[in-house]
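# Notes for the structure review
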Amino acid sequence: MAILPRHRLAELGRPTLDRVLCAVDGSRASAEAIREALAVATCATRLSFIAITDEAEGDAHRVASLAAHRARQTLEEARSLAAARALPAETKLVRAASVVETLIDQAVATTLLVVGSHGGALSAEPPNGSVATALAGRAAGPLLIARAGAAARGAQPRILVAVDDSAAAVPLAALAGSIAAACHGHVHLVHVQGRGYGSHTRHRLAELSTALIEQTGSEPVVEVACSANVGAHICRVAQDSESSVVVVGRRQAAARRSVAAVDERVVQDAACSVLVVPTPAA
């Protein structure tokens, strides 16, 4: 694939997020999702919080995964936290049987969906994996899976971006740059492959670095490594560098099955938050 000229890089790299949509359920993971949603809210034009309950109106004896009164309370707490940061926020309570299907319907391609990774209704629904894992393979837009980790320890988060040397790396780096600029963070580009790299890869990494300097005002860390297990290596680098979030791409061709191998390993094993971004099929 030919290297894109700079003006095309700038065009493709411009983030197109309409809103940040954060799913809440009152759990500790939900609180982390709210915290991270507030941190990245300036990257979008709207901030929304959604709670999903399967409790029917007037059925006081049914045991719900998330009670309606608790859902309302959690939404109000989230809105208050946003107001304290001068961020206007919308709230929505939805009654539905499926958390996954509801969030997929609510989050379109221009929405950054934020969910917690453990605890409460957001982790218990699918029989073969968590809600976060299911969404990572199906969400139309970027998905931020929030976990308590290195992000809580520092005011300047480190955003690790796993990139290859294709044009698919451009929107990943651009979204990471937008978040870094909003949160006063740093970007760390990591390219992992099973053999040495040539001029094409060096050129791509140089272009991504230049675009990030212009976007954030600081030079990203660039790392190239050789490993047969890409996902495991990315998780190890994220842990060693105390990264706040790992950004990985998901080929859209893989959307009808489970998460692609590298993405799945990072989503399941990364100690920090993970941002999964759909990218065009190669």
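Throughout what follows, the structure given in this document is the object of discussion.

This part covers helix α8 (residues 199-216). The end-to-end C-alpha distance of α8, which contains 18 residues, comes to 25 Å, matching closely the 26 Å that a straight helix rising 1.5 Å per residue would cover. Those residues of α8 that sit buried are T201, R204, L205, E207, L208, S209 and L212. Following α8 by one or two positions, G217 adopts a phi angle in the positive range, close to 85°.

Another point: the environment of A238. Turning to its location among the elements, A238 is positioned in helix α9 (residues 230-240). Put simply, A238 and L160 are 78 residues apart on the chain and 6.8 Å apart in space, counted from C-alpha to C-alpha. What A238 contacts, discounting residues up to four positions off in sequence, is L160, S243, V246 and C272.

The end-to-end C-alpha separation of helix α7 (residues 169-183) is 21 Å, in line with the 21 Å expected for 15 residues at 1.5 Å each. Among the 15 residues in α7, 12 count as buried, and that is most of the element. Listing the buried residues of α7 in full gives A169, V170, L172, A173, A174, L175, A176, G177, S178, I179, A180 and C183. Once α7 finishes, H184 follows within two positions and takes phi at roughly 55°, a positive value.

Here the focus is the sheet that holds strand β6 (residues 158-162). Whenever strands of a sheet pair, they do so through backbone hydrogen bonds, lying parallel or antiparallel. Taken in spatial order, the 10 strands line up as β3-β2-β1-β4-β5-β10-β9-β6-β7-β8 in an open sheet, and their pairing is mixed. Of all the strands in the sheet, just β3 (90-95) and β8 (221-226) have a single pairing partner and so form its edges. With direction set aside, neighbouring strand axes in the sheet form an average angle of 20°. With six bridges connecting them, strand β2 (residues 46-53) and β3 associate as parallel partners.

Reading guide: rules and limits
- Residues numbered from 1 in each chain as written.
- Predicted model: local features only at pLDDT ≥ 70, side-chain atom pairs only at ≥ 80, totals over all residues.
- Heavy atoms only, no water.
- Helix = DSSP H or I, 4+ residues; strand = E, 2+ residues; numbered from the N terminus.
- Expected span 1.5 Å × (residues − 1).
- Buried < 20%, exposed > 50% of the residue type's maximum accessible area, 1.4 Å probe, protein only.
- Contact = heavy atoms within 4.5 Å.
- Pairing = 2+ DSSP bridges.
- Axes fitted to C-alpha atoms, helices over the stretch in contact; angles between N-to-C directions.

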